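Per-entry structural report
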Amino acid sequence: TPSVAIVSACDFPNGLAAANRIRMLARCFAEIGIKPYCIFQYAPGIMTDGANTQTEGEVDGIKFCYPAGTLEPPRSAGRMLWYKSWGLWRVKREIKRLAAREAVQYVLSYGNTGFEDMAYLRTARRIGAGYLLEICDLHNIVFNEHSRGLKRQKERLKYYSNLSKDRH
């Protein structure tokens with residue numbers, strides 16, 4: 001059976017909006033016969049300590065893992081840099097490991113930065129999978145006017161995809 005690798009950074013399985021939306025997406029993929037695997041770069045620490053205790057497991061038929069091996073939130077710039085470099089490399093390695101075991105049909109990037117999106121896109125291409133990018137569909141979304149580089153390009157992509165979607 002085909003599978004989808006959902007990559008993100010959130011407090012899973014017990015979390016707020018992002019965790020619940022990822023659960024919903026994973027269940028939708030399971031309903032159509034595509035096995036979901038959630039791979040998380042780090043846990044932001046939005047939930048109270050102790051709400052999530054496993055770095056890998058299965059919840060409601062959804063397998064998940066934190067390949068960096070920790071649920072410690074990034075409370076300093078150094079820790080965030082560690083997650084954005086070593087953690088990103090570990091997520092990419094986990095996607096490749098999953099592709100070696102199973103037929104990964106899609107890589108879905110949920111709520112990541114433009115830098116991470118580009119890394120996951122290259123990984124998806126390398127393993128021969130389709131790449132799905134979560135895009136907010138709110139009409140009145142407010143963009144950060146001071147953003148630059150990849151983040152700005154991602155915001156423009158969201159904006160123009162919303163415009164084209166509204167025209168059809």
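Structure shown above.
Described below are features of the structure shown in this document. All values reported here derive from a predicted model rather than from experimental measurement.

1. Brief notes about the nonpolar core
Membership of the largest hydrophobic core comes to 19 residues, with the highest contact counts inside it found for Ile 6, Phe 12, Ile 22, Cys 38, Phe 40, Phe 64 and Tyr 66. Listed by contribution, the elements that provide at least two residues to this core are strand S1 (3-8), helix H1 (17-31), strand S2 (35-40) and strand S4 (62-65). With four residues, H1 is the single largest residue contributor to this core. Setting aside chain neighbours within four positions, we find Cys 38 in contact with Ile 6, Ile 22, Ile 62, Lys 63, Phe 64 and Cys 65. By size, the runner-up hydrophobic cluster in this structure holds 15 residues, among which are Ile 39, Leu 88, Leu 98 and Ala 129.

2. Focus: H1
Helix length check: H1, at 15 residues, gives a terminal C-alpha distance of 21 Å against a target of 21 Å (1.5 Å per residue), a fit within 8%. For H1, the complete set of buried residues consists of Ala 19, Ile 22, Arg 23, Ala 26 and Phe 29. The arc enclosing the buried residues of H1, seen along the axis, measures out at 125°, which places them on a common side. More than 90 degrees from the buried face of H1, the exposed residues found are Ala 17 and Glu 31. For H1, the secondary structure elements touched by its buried residues are S1, S2, strand S3 (56-59), S4, strand S5 (104-109) and strand S6 (130-133). Following H1 by one or two positions, Gly 33 adopts a phi angle in the positive range, close to 90°.

3. So, the pattern of salt bridges
Considering all chains together, one arrives at six salt bridges under this definition. The partner of Glu 116 in a salt bridge is Lys 84, and the shortest N-O contact between them spans 2.7 Å. Highlighted residues: Glu 116 in helix H3 (residues 114-127) and Lys 84 in helix H2 (residues 77-101), separated in sequence by 32 residues. Here the residues in one salt-bridge network are Arg 23, Arg 27 and Asp 60, joined through shared partners.

4. Considering the pairing of S5
With five bridges connecting them, S1 and S5 associate as parallel partners. Considered in S5, the bridge of Ala 5 is made with Val 107. Bridging between S5 and S6 involves four bridges; their strand directions are parallel. Its bridge partner lying in S6, Ser 109 is registered against Leu 133. Each parallel crossover has a hand, and the one from S5 via H3 to S6 is right-handed.

5. Things to note about the packing of aromatic side chains
One pass over the structure, following the stated rule, counts eight aromatic pairs. Ring centres 5.3 Å apart and planes at 65° place the aromatic pair Phe 12 and Phe 64 in the edge-to-face group. Residue Phe 12 is located in the loop between S1 and H1, and its partner Phe 64 is located in strand S4; the two are separated by 52 residues in the primary sequence. A ring pair is formed by Trp 86 and Trp 89, whose centres lie 5.0 Å apart and whose planes are at 25°; its orientation type is stacked.

6. Points about the state of the cysteines
Summed over the entire model, instances satisfying the criterion amount to zero disulfides. Of all cysteine sulfurs, the one in Cys 38 lies closest to Cys 65, which takes part in no disulfide; the gap is 9.0 Å.

7. Focus on the sheet that holds S5
The strands that make up a sheet pair up through hydrogen bonds in the backbone, lying either parallel or antiparallel. Overall, mixed pairing links the six strands, which are arranged S3-S4-S2-S1-S5-S6 in an open sheet. Each edge of the open sheet carries a strand with a single partner, namely S3 and S6. With direction set aside, neighbouring strand axes in the sheet form an average angle of 20°.

Calculation criteria
Residues numbered from 1 in each chain as written. Predicted model: local features only at pLDDT ≥ 70, side-chain atom pairs only at ≥ 80, totals over all residues. Heavy atoms only, no water. Core = buried A, V, L, I, M, F, W, Y, C linked by side-chain atoms within 4.5 Å. Buried < 20%, exposed > 50% of the residue type's maximum accessible area, 1.4 Å probe, protein only. Helix = DSSP H or I, 4+ residues; strand = E, 2+ residues; numbered from the N terminus. Contact = heavy atoms within 4.5 Å. Expected span 1.5 Å × (residues − 1). Arc of directions from axis to C-beta. Salt bridge = Lys/Arg side-chain N within 4 Å of Asp/Glu carboxyl O. Pairing = 2+ DSSP bridges. Right-handed = clockwise from strand over helix to strand, strands pointing away. Phe/Tyr/Trp six-rings, centres within 6.5 Å; stacked < 30°, edge-to-face > 60°. Disulfide = S-S within 2.5 Å. Axes fitted to C-alpha atoms, helices over the stretch in contact; angles between N-to-C directions.

Function-wise, these values are silent; they only describe arrangement.
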